[in-house]
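Single-letter residue listing:
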Amino acid sequence: MAATPTESRLLRACRREATDTTPIWLMRQAGRYMPEYRKLREHHPLLTMIKTPELACEVTLQPIEAFDLDAAIIFADILPPLEGMGLHLRFAEGEGPIIGNPIRTAEDIERLRVPPPEETLPFTLEAIRLARAHLDGRNIPLIGFSGAPFTLAAYAIEGKSSRNYAQVKGLMMGEPAAWHELMTKLSEVVGEYLLAQARAGAQALQLFDSWVGQLSPADYRAFALPYTQRALAIARQAGVPIIHFATDTSGYLEAMRETGADVISVDWRVDLDAAWQRIGEGVAIQGNLDPVALFAPWEALKQRAQTVLEQAGGRAGHIFNVGHGILPGTPTDNVKRLVDFVHEYAAPSHD
Ligand code: CP3
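Residues numbered from 1 in each chain as written. Predicted model: local features only at pLDDT ≥ 70, side-chain atom pairs only at ≥ 80, totals over all residues. Heavy atoms only, no water.

Quick notes on the overall build of the protein chain
Thought 1: Looking only at helices and strands, the protein chain features 16 helices and 9 strands.
Thought 2: Over its C-alpha atoms the protein chain spans a radius of gyration of 19 Å, differing by no more than 12% from the 20 Å that the globule rule assigns to 351 residues.
Thought 3: If one aligns the C-alpha atoms of the protein chain with their principal axes, the spans along those axes are about 60 × 45 × 40 Å.
Thought 4: Per-residue burial over the protein chain gives 57% buried out of 351 residues.
Thought 5: Considering only contacts in the protein chain between residues 6 or more positions apart, those separated by 24 or more positions represent 73%.
Thought 6: As displayed, the protein chain offers around 14300 Å² of accessible surface, 49% of which is attributable to carbon and sulfur atoms.
Thought 7: The centroid of the 33 positive side-chain charges in the protein chain is displaced by 1 Å from the centroid of its 43 negative side-chain charges. (Helix = DSSP H or I, 4+ residues; strand = E, 2+ residues; numbered from the N terminus. Rg over C-alpha atoms; globule rule 2.2 N^0.38 Å. Buried < 20%, exposed > 50% of the residue type's maximum accessible area, 1.4 Å probe, protein only. Contact = heavy atoms within 4.5 Å. Areas by Shrake-Rupley, 256 points an atom, 1.4 Å probe, with all protein chains shown as cover. Lys, Arg positive; Asp, Glu negative; His and termini not counted. Charge placed at Lys NZ, Arg CZ, Asp CG, Glu CD.)

Structural notes on the packing of aromatic side chains
Thought 1: Overall, the coordinates contain 9 aromatic pairs when judged by the stated rule.
Thought 2: Their ring planes at 35 degrees and their centres at 6.3 Å tell us that Tyr165 and Trp211 sit as a pair that is tilted. Of this pair, Tyr165 sits in the loop between helix 9 (149–158) and helix 10 (166–174) while Trp211 sits in the loop between strand 5 (204–209) and helix 12 (217–235), placing them 46 residues apart in sequence.
Thought 3: The class of Tyr165 is buried, set by a relative accessible area of 3%. (Phe/Tyr/Trp six-rings, centres within 6.5 Å; stacked < 30°, edge-to-face > 60°.)

Quick look at the side chain of Gln286
Thought 1: For Gln286, the location among the structural elements is in strand 8 (residues 284–289).
Thought 2: A distance of 3.2 Å separates a polar atom in the side chain of Gln286 from a polar atom in the side chain of Gln206.
Thought 3: Apart from the residues within four sequence positions on either side, Gln286 is in contact with Trp25, Gln206, Ile243, Val263, Ile264, Ser265, Val266, Ile319 and Asn321. (Polar contact = N/O pair within 3.5 Å; in protein donor to acceptor, adjacent residues only side chain to side chain.)

Let's talk about helix 9
Thought 1: Counting buried positions over the 10 residues of helix 9 gives 10, a clear majority of the element.
Thought 2: Taken from the residues just after helix 9, Gly159 is the one with a positive phi, measuring 85 degrees.

Here's the deal with the packing of helix 9 against helix 11 (residues 176–200)
Thought 1: Between helix 9 and helix 11, the least distance of the axes is 9 Å, while the angle of their chain directions is 120 degrees. Classified by the interaxial angle, the pair formed by helix 9 and helix 11 is oblique. In this structure, helix 9 crosses over helix 11, and the sense of that crossing is right-handed. On helix 11, the residues touching Pro149, Phe150, Leu152, Ala153 and Ile157 of helix 9 are Trp179, Leu182, Met183, Leu186, Ser187 and Val190.
Thought 2: For the contact of helix 9 with helix 11, the per-class residue count stands at 10 nonpolar, 1 polar and no charged. (Axes fitted to C-alpha atoms, helices over the stretch in contact; angles between N-to-C directions. Parallel < 35°, antiparallel > 145°, perpendicular 65-115°, else oblique. Left-handed = near helix turned anticlockwise from the far one by under 90°. Nonpolar A, V, L, I, M, F, W, Y, C, P; charged D, E, K, R; others polar.)

Looking at the confidence of the model for the protein chain
Thought 1: On average, residues of the protein chain score 95 in pLDDT, and 97% of them reach the 70 mark or higher.
Thought 2: Across residues 1–5, where pLDDT falls below 50, the model places 10 contacts with residues more than four positions away in sequence or in other chains. (pLDDT = per-residue confidence, 0-100.)

Overview of a negative patch on the surface
Thought 1: Taken together, the side chains of Glu107, Glu110, Glu175 and Glu181 make up a negatively charged region of the molecular surface.
Thought 2: With respect to the helices, strands and loops of the structure, Glu175 is situated in the loop between helix 10 and helix 11. (Patch = residues over 30% accessible without salt bridge, like charges linked within 9 Å, V, L, I, M, F, W, Y side chains within 5 Å. Salt bridge = Lys/Arg side-chain N within 4 Å of Asp/Glu carboxyl O.)

Section: the pattern of salt bridges
Thought 1: With the rule as written, the count across this model stands at 18 salt bridges.
Thought 2: Of the charged contacts, one joins Glu17 and Arg12 as a salt bridge, the two residues approaching to 3.4 Å between their closest N and O atoms.
Thought 3: Residue class for Glu17 comes out partly exposed when judged on its relative accessible area of 27%.
Thought 4: One salt bridge in this structure joins Asp136 and Arg132, with 2.7 Å as the shortest N-O distance.
Thought 5: Looking at Asp136, the relative accessible area reads 25%, which means it is partly exposed.
Thought 6: On the basis of relative accessibility, which here comes to 19%, the residue Arg132 falls in the buried class.
Thought 7: In this structure, a network of salt bridges that share partners links the residues Arg9, Asp20 and Asp70.

Quick notes on the site of the ligand
Thought 1: Taken together, 22 residues surround the ligand, and among them Arg32, Tyr37, Arg41, Ser210 and His324 come closest.
Thought 2: One of the side-chain nitrogen or oxygen atoms of Arg32 is found 2.3 Å away from an oxygen atom of the ligand.
Thought 3: At 2.6 Å, a side-chain N or O of Arg41 approaches an oxygen atom of the ligand.
Thought 4: Out of a free accessible area of 870 Å², the ligand has 88% covered by protein chains. (Near = heavy atom within 4 Å.)

Some details on the pairing of strand 4 (residues 142–147)
Thought 1: Within strand 4, 6 of the 6 residues are buried, which leaves the element mostly enclosed by the surrounding structure.
Thought 2: Side chains Leu142, Gly144 and Ser146 project from strand 4 onto one buried face, and the interleaved Ile143, Phe145 and Gly147 project onto a second face that is buried too.
Thought 3: Where strand 1 (residues 72–73) meets strand 4, 2 bridges bridge the pair, whose relative direction is parallel. In the sheet register, Ala72 faces strand 4, and the bridge partner there is Leu142.
Thought 4: With 5 bridges connecting them, strand 4 and strand 5 associate as parallel partners. Paired with Gly144 across the bridge in strand 5 is Leu205. (Pairing = 2+ DSSP bridges.)

Take a look at the structure:
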């Protein structure tokens, strides 16, 4: 019989239990830096790949075949849940995601649907079931994920990636009741989607709040944190560990602990040991190599990876990762060397 998935390094580290070596996976590990992905993508648009469970499963497994990673992450994107709410999503070549009918008024928000994920995102739930069947024999856990309410609101309102987030903040500051309505709907969509992914077989869940670092600490607490808490309270019913990722939040790392996540994922703008001290010992930490370091010559990359490991100091509950997604163009031989280096690194003994 296959080993039980709960014995994996990643899940042990999420619970801050000792592991034989530091677990490592990489955000956006399935994607354009891999020749195998680009080859498949030549034949299918991104949303088709996401909505075809067999293809999504195949892409999920590509980095697992290529590198000795300690987790797989289901191939999907943070934006398809917005389609089920009534927004029109497309990915324009070279431009990134675009929402054709972005939210502009309180009436737009009122019209947004809050459908069950089984109805609007069955393809990702099915991809999770397929991927689990492949991963179980290898004892590699599968991570499900969602965008956080703030980051989804940012795309829904701006309609695309933004520099200043003026329209999002305009609604947030100018029409707090409409903001509350929108974020309440998003928290339910996000929470139910995460819960459904865990019920379909995801053994850990990651919440991506990529753009929340645009907020001041006070605005984060007032306009984002309560809705992240609500989404995670729903997801928590599944009983699987929850990882919370955000960038540019060095100004309010302590508040991120209040989300209720088991693991906080930090970027490279803060030293890992300082971050851990500020967040507190009762949570696990994921991070925090600068993804651009993967383009550097091996010696320079190795030195930076070693610094991250030294700062973690062999403490139980460190999951090695990049501080933001791995970038297109990243040399795959550096990825392989990094993964092997992290596994071979022995922390200096503290006793
Ligand atoms: O991590 C994985 O390997 C799983 C797959 C995954 C994708 N997107 C596939 C994808 C994950 C976890 C995401 C998350 C995501 N999507 C985030 C949060 C993480 C982050 O980087 O901050 C965000 C903000 C998005 C929105 C998004 N999707 C953007 C801005 C873009 C275009 C630019 C970019 O970063 O690639 C996408 C497209 C996208 N999603 C691609 C992939 C592999 C590239 C698609 C392609 O052209 O083939």
